[in-house]
Amino acid sequence: MNTAKLQISKLLFTSSDTLQRFKQLIKAKDAELQQQFDPQKSVSHLIKAKSDFIDLILTCCWQHFLSEHANRLSLLAVGGYGRRELFPYSDIDILVLLQPEDIDHHSALANFFTFLWDIGLKPGQSVRTIEQCVEAAKADQTIMTSLMENRLITGNSALHEFLLEQITPDKIWPSSEFFAAKMEEQRLRYAKFHDTAYNLEPNIKEGPGGLRDRQVISWVFKRHYNASSIRELTHYGFLPESEYLELVAALEVLWRIRYALHLLTHRAEDRLIFDYQRDLAQQFGFSTDDQQRNEDVERFMQFYFRTVQGLERLNEMLLQLFNERFVCGDNSITSAVNDHFVAINGYLEVIDETVFERNPLALLEIFLILEQNSSLKGVRATTIRLIRKSLHLIDDAFRQNKAANRLFIEAFRQPRGITDQLRRMNRYGVLAAYIPCFRNIVARMQYDLFHIYTVDEHTLFVIRNLRHFAMDKHSDVLPFCNTIFLQISKPELLYLAGLFHDIAKGRKGDHSTLGEELARAFCIQHELSPHDTNIVAWLVRNHLIMSMTAQRKDISDPEVIHQFAQLVGSIEYLNYLYLLTVADIRATNPELWNAWKDALLKELYSATHNALRRGLQTPINLSDRVLENKNEAELELIKLGLSEANIASAWQHVSEDYFLRYSADEIAWHTIAIASSSESDLPLVLLRPQTQRGSAEVFIYAQNEDAIFSLSTATLDQLGLTILDARIMTTLDNYVLNSFLVLEQSGAAINELFREIHICTALRNNLLQHQVKEQRNIHRQSRQALHFPIPTSVEFFTDPVNGQSIIELVTTDHAGLLSKVGRVFVKLGINLYSAKISTIGSRAEDMFYITDSLLQPIIDPTRQQQIREELLKALSPKKSQKPISRN
């Protein structure tokens, strides 16, 4: 060390290009450490070597700039640097400790800090007296935490020792108070990540189960015992040697991933985002061949999540033991629970270590007891260990034991605690042991853009959402769901369907069909009645059908409702399916749920409920529906002061299909606009910010021109709007009645008047000018979308009832997508009647209802292939886009 220090000092005093030489020295050291990095090996020596090297740099700079005053002040490393844990781009946090009379040294310190910045170290710096340190620490436990990890680099050791004496637990922040503060800090930190470690783009430092959890353990432990390392956890009886080694191994994994992340991104990056996962999977040996497949990423992330799961469990046990030791102390309260368990300070403990061997059913009983006793906080650490050691007892004989089966089902029938205990069962490994097929989805990543959690975590979120429908305290979120839930006779069937709905993910084949088989076998084994078994199995098989129908079919069409009602069969099944559908969508990705989906599913539920109540043998007649809408709209218009003559004039060239596809409310709005406009007002562009379907409606009334659809969609896209639905109507006298249901790209409603005016003005101007000028498009494609290219597919179906063809287009969503489709339709002489737009993440699944120029469905395979090729050509990536015009 002294040799290296002399070498650096020599550079300072003799070199004419000191800054450049220091930069080169730092760069060379970084390159040396990078060369030594191996993703398969420990990095602990690398992060310590980096810290030691920075110590050398800072010491020599300190001696140079502070010269004869260098030993009056103290230079301390704090935070991760204080722990000697410096990753390639970690913050270098330092504290200069001085005495009140050393104020005159600020100029020298300024030069010292400036030089550090000039050579690229960018330190996080603070300058304080001991009194200032103590006062700041008293006011803020995070400063106290930072000071606990201080380490003298160079300077006045006596001053440093005095600081240590002033921040001991007997003077500030007793260990019990510090523990409570850290627990609250952790609770708030977890909340930022939705209380889950299983987000598909996790933060390996701050997220639950990440490196910060280990640091919390270390801080709390050190505060109470003044321990130098977590190795002493074994000395004080908190961890047996095997669990300590498990903790160290898990930390090493996270350290290796973090080290690789820093090198890959050339910055202090702690987010394991999609951009880096494929490269990291390759580095860590999860690539099976040269083809960069999604399976490689999924296996790497499953490795990460299982590591985190172990850390979460150890974190739970240690913090509970700390609470017992630091907070409760000798004031333990023990109470009997039953023949197998006692409660110690609110945590369940086995009466002896042979409980599970003598009575394996207690491995399930413990979770039922927790559900039934609200005063219990959890499971004691020693019992968690025993559960883990006893998982082998949950074998085939155990799973077929009818008493075990009854215990498991009973846990789903409790009025409280179901979600918490299922999470606990998953964390301890009991759920995967009892339901072996569940093991396949534990920590399984879903490499797509609409699931943001692992499959098991998504499953538990679904059950949590279903539980919320039963609770008054959540009734203000989705009151309609809470109302429907009251009609459910057996909520446990709903929870079981939630548990099994994705259980076959990752297997070859349709996960809904495979899941139905697994769910049916489970229900039969657990002696559910044939009726109840059929409900659970049917829900698992059909859990996607309601969202697909609502988002991809025209639910204003009575035939669509009749077919869906036939599939559902009864109001009982409809209630179960509706609740499962809402819970599933909301558990997939919070950003996917919006007012549009809420309104759409409610509309489908209500229409199906009416059809089932009316009876499937007496479906509603189309002419009755047309007459009903006409009469309702006419009554509303007369109330608003429109004469019957004006109404008749506005409707004289409109087909009956119009009255079928629009609600009475929409018809009334359109009619008022048309009746009050003249030819000079066209194109008429109006916007209603809120409709019955929870979105804004943009309405266009104009003389028919071929490019109206492509011009309209291009403009709306350029304005940053998401198009949810498009209905295209042409009157007998060749005017268009087009409406688009839209939301802001964020999923929010349009709720500002100036925004409404801007949309209408821009759209009308572009329709008048017959082109959309090329300008910055504020439609943003997500960063994640770059990693999920979706092959474009074009499929044709026939709608015999309406005499139309249906094009199903699946592709990557991007700016101008609908406009390009519209231009292909114009080029090929295709009539567009309506479009159902569904975008999940970056995946566009759009349905277009079309005919040929003679108003006939397109059934000729050659003609279909021509359309397919034109669409594929139009949607292929291009380097530049020309302005959209009528020509």
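## Notes on the overall build of the protein chain
So, step 1. When helices and strands are counted, the protein chain shows 39 helices and 19 strands.
So, step 2. Projected onto its principal axes, the C-alpha coordinates of the protein chain cover approximately 100 × 80 × 55 Å.
So, step 3. Taking all 887 residues of the protein chain together, 56% fall into the buried category.
So, step 4. Put simply, of all contacts in the protein chain between residues at least 6 apart along the chain, 70% involve residues at least 24 apart.
So, step 5. As presented, the protein chain carries roughly 38600 Å² of accessible surface, and 50% of it is formed by carbon and sulfur atoms.
So, step 6. In the protein chain, which carries 94 positive and 109 negative side-chain charges, the distance between the mean positions of the two groups comes to 4 Å.

## Comments concerning a negative patch on the surface
So, step 1. A surface patch of like charges, here negative, comprises Asp 624, Glu 628, Glu 632 and Glu 636.
So, step 2. The topology assignment puts Glu 632 in helix H32 (residues 622-639).
So, step 3. Assessed through its relative accessible area of 48%, Glu 632 is described here as partly exposed.

## Some points on the packing of aromatic side chains
So, step 1. Applying the stated criterion to the full structure yields 43 aromatic pairs.
So, step 2. Arranged with centres 6.5 Å apart and planes meeting at 70 degrees, the rings of Phe 87 and Trp 255 form a pair that is edge-to-face. Of this pair, Phe 87 sits in the loop between helix H4 (79-82) and strand E2 (93-98) while Trp 255 sits in helix H12 (residues 241-265), and the two are 168 residues apart along the sequence. The residues Phe 87 and Trp 255 share a single accessibility class, namely buried.
So, step 3. Between Tyr 304 and Phe 305, the ring centres sit 5.3 Å apart and the planes meet at 65 degrees, which makes this aromatic pair edge-to-face.
So, step 4. Ring-pair connections join several aromatic residues into one group, and the members of that group are Phe 179, Phe 221, Tyr 225, Tyr 236, Phe 238, Phe 322 and Phe 326.
So, step 5. The lysine or arginine in question, Arg 258, covers the ring of Phe 87, its NZ or CZ lying 4.6 Å from the ring centre.

## Some thoughts on the packing of helix H14 (residues 294-328) against helix H20 (residues 418-428)
So, step 1. Axis separation between H14 and H20 bottoms out at 9 Å; the angle between their running directions is 110 degrees. Judged by the inter-axis angle, H14 sits roughly perpendicular to H20. In terms of crossing hand, the pair formed by H14 and H20 is left-handed. Only Arg 424, Asn 426, Arg 427 and Tyr 428 of H20 make contact with H14, whose side of the interface consists of Gln 309, Glu 312, Arg 313 and Glu 316.

## Let's talk about the pattern of salt bridges
So, step 1. Summed over all chains, the structure comprises 43 salt bridges.
So, step 2. A salt bridge links Glu 246 to Arg 313; the shortest N-O distance between them is 3.1 Å. Separated by 67 residues along the polypeptide, Glu 246 in helix H12 and Arg 313 in helix H14 bring together distant segments of the chain.
So, step 3. Through salt bridges with shared partners, a single network forms among Arg 83, Glu 85, Glu 149 and Arg 214.

## Section: the side chain of Ser 74
So, step 1. In this fold, Ser 74 is placed in strand E1 (residues 74-77).
So, step 2. Residue classification places Ser 74 among the buried residues on the basis of a relative accessible area of 0%.
So, step 3. Polar side-chain contacts of Ser 74 include one of 2.5 Å to the backbone oxygen of Asn 156.
So, step 4. Apart from the residues within four sequence positions on either side, Ser 74 is in contact with Trp 62, Leu 95, Val 96, Leu 97, Leu 152, Thr 154, Gly 155, Asn 156, Leu 159 and His 160.

## Focus: the sheet that holds E2
So, step 1. With mixed pairing, 4 strands are arranged side by side in an open sheet as E3-E2-E1-E4. Each end of this open sheet is capped by a strand with a single partner; those strands are strand E3 (124-129) and strand E4 (151-155). Going across the sheet, the axis of each strand differs from the next one's by a mean of 25 degrees, ignoring polarity.
So, step 2. As paired strands, E2 and E3 are joined by 6 bridges and run parallel to one another. In the sheet register, Leu 95 faces E3, and the bridge partner there is Ser 126.

## Quick look at the nonpolar core
So, step 1. Judged by nonpolar contacts, the single largest core of 181 residues is most densely connected at Leu 233, Phe 322, Phe 356, Phe 408, Ile 435 and Leu 579.
So, step 2. Among the elements that make up this core, the one with the highest residue count is H14 (14 residues).

## Digging into the confidence of the model for the protein chain
So, step 1. Averaged over all residues, the pLDDT of the protein chain equals 89, while 94% of them reach at least 70.
So, step 2. Averaged pLDDT values over the elements of the protein chain bottom out at 44 in strand E19 (residues 884-885) and peak at 98 in helix H25 (residues 491-500).
So, step 3. In this model residues 879-887 is a low-confidence stretch, pLDDT under 50, and it forms 17 contacts with partners more than four residues away in sequence or in other chains.

## A closer look at H20
So, step 1. The element H20 is extensively covered by neighbouring structure, given that 10 of its 11 residues are classed as buried.
So, step 2. Listed in full, the buried residues belonging to H20 are Ile 418, Thr 419, Gln 421, Leu 422, Arg 423, Arg 424, Met 425, Asn 426, Arg 427 and Tyr 428.
So, step 3. Among the residues trailing H20, Gly 429 stands out with phi positive, at a value near 90 degrees.

## Observations regarding the sheet that holds strand E5 (residues 334-336)
So, step 1. Pairing is mixed across the open sheet formed by 4 strands, whose spatial order is E5-E6-E7-E8. Edge positions in the open sheet fall to E5 and strand E8 (378-379), since each of these has one partner strand only.
So, step 2. Where strand E7 (residues 347-350) lies against E8, 2 bridges are found, and the strand directions are parallel. Bridged to Tyr 347 within E8 is Gly 378.
So, step 3. Against the sheet, helix H16 (residues 362-372) makes contact with strand E6 (341-344), E7 and E8, and its axis sits at roughly 45 degrees relative to E6, the strand it touches most.
So, step 4. Here helix H17 (residues 381-389) sits on the sheet and contacts E7 and E8; the angle it forms with E7, its principal contact strand, is near 55 degrees.

## A closer look at the pairing of strand E9 (residues 684-688)
So, step 1. Among the 5 residues that make up E9, 4 are buried, leaving the element largely enclosed by the rest of the structure.
So, step 2. Relative to strand E10 (residues 696-703), E9 runs antiparallel, the two being bridged by 5 bridges. Along E10, the bridge assignment pairs Leu 687 with Val 698.

## A few points about the side chain of Asp 725
So, step 1. Positionally, Asp 725 belongs in strand E11 (residues 721-730).
So, step 2. At a separation of 3.4 Å, a polar atom in the side chain of Asp 725 contacts the side chain of Arg 727.
So, step 3. What Asp 725 contacts, discounting residues up to four positions off in sequence, is Trp 596, Ser 739, Phe 740, Leu 741, Ala 835, Lys 836 and Ile 837.

## Focus: unusual backbone geometry
So, step 1. The peptide bond linking Leu 682 to Pro 683 adopts the cis configuration, its omega dihedral lying at 0 degrees.
So, step 2. Note that Pro 683 resides in the loop between helix H35 (664-675) and E9.
So, step 3. If you check the backbone angles, Lys 122 has positive phi at about 50 degrees while not being a glycine.
So, step 4. In this structure, Lys 122 sits in the loop between helix H5 (106-118) and E3.
So, step 5. Since its relative accessible area comes to 56%, Lys 122 is described here as exposed.

## Thoughts on helix H13 (residues 274-283)
So, step 1. Turning to H13, its buried residues number three or more, namely Phe 274, Tyr 276, Gln 277, Leu 280 and Ala 281. Considered in projection along H13, the buried side chains sweep an arc of 145 degrees and stay on one side of the axis.
So, step 2. Looking one or two residues past H13, Gly 285 carries a phi angle of roughly 85 degrees, positive in sign.

What counts and what doesn't
- Note that residues are indexed from 1 along each chain, following the sequence as it is written.
- The predicted origin of the model limits local features to residues at a pLDDT of at least 70 and limits the giving and counting of side-chain atom pairs to 80 or more, whereas totals for whole chains, interfaces and linings rest on all residues.
- The basis for every side-chain value is the complete set of heavy atoms in the structure, and neither hydrogens nor water enter the calculation.
- Each helix is a run of DSSP H or I of at least 4 residues and each strand a run of E of at least 2, with the numbering of both proceeding from the N terminus.
- Per-residue accessibility, obtained with a 1.4 Å probe over protein chains only, is compared with the maximum for each type, and a residue is labelled buried under 20%, exposed over 50%, and partly exposed between these values.
- Contacts were defined at the residue level, with two residues in contact if any of their heavy atoms lie within 4.5 Å.
- Working definition of accessibility: Shrake-Rupley area with a 1.4 Å probe, residue cover restricted to the visible protein chains.
- Only four residue types enter the tally: Lys and Arg on the positive side, Asp and Glu on the negative side; His and the chain ends are excluded.
- Where a charge lies is defined by one atom per residue type, namely NZ (Lys), CZ (Arg), CG (Asp) and CD (Glu).
- Patch building starts from residues that exceed 30% relative accessible area and form no salt bridge, then joins like charges within 9 Å and nonpolar side chains (Val, Leu, Ile, Met, Phe, Trp, Tyr) within 5 Å.
- A pairing counts as a salt bridge when a side-chain nitrogen of Lys or Arg comes within 4 Å of a carboxyl oxygen of Asp or Glu.
- For Phe, Tyr and Trp, where Trp contributes only its six-membered ring, two rings pair if their centres lie within 6.5 Å, and the inter-plane angle classes them as stacked under 30 degrees, edge-to-face over 60, or tilted in between.
- Ring-over charges, as used throughout, are those where CZ of Arg or NZ of Lys falls within 6 Å of the ring centre and within 35 degrees of the ring normal.
- Angles here are taken between N-to-C directions and fall from 0 to 180 degrees, while the axes themselves are lines fitted to C-alpha atoms, restricted in helices to the stretch in contact.
- Throughout this description, any angle smaller than 35 degrees is read as roughly parallel, any larger than 145 degrees as roughly antiparallel, any in the 65 to 115 degree range as roughly perpendicular, and the remainder as oblique.
- Crossings are classed by handedness, with left-handed meaning an anticlockwise turn of the near helix from the far one by less than a right angle and right-handed meaning a clockwise turn.
- Definition of a polar contact: a pair of N or O atoms within 3.5 Å, with one able to donate and the other able to accept a hydrogen when the atoms are protein atoms, and with sequence-neighbouring residues admitted only if both atoms are side-chain atoms.
- Note: two strands are recorded as paired if DSSP finds a minimum of 2 bridges between them.
- By nonpolar core is meant a set of buried Ala, Val, Leu, Ile, Met, Phe, Trp, Tyr and Cys residues that side-chain atoms within 4.5 Å join together.
- For every residue, the predictor states its confidence as a pLDDT score lying anywhere from 0 to 100.
- Summarising the geometry, the arc corresponds to the directions from the helix axis toward the C-beta atoms.

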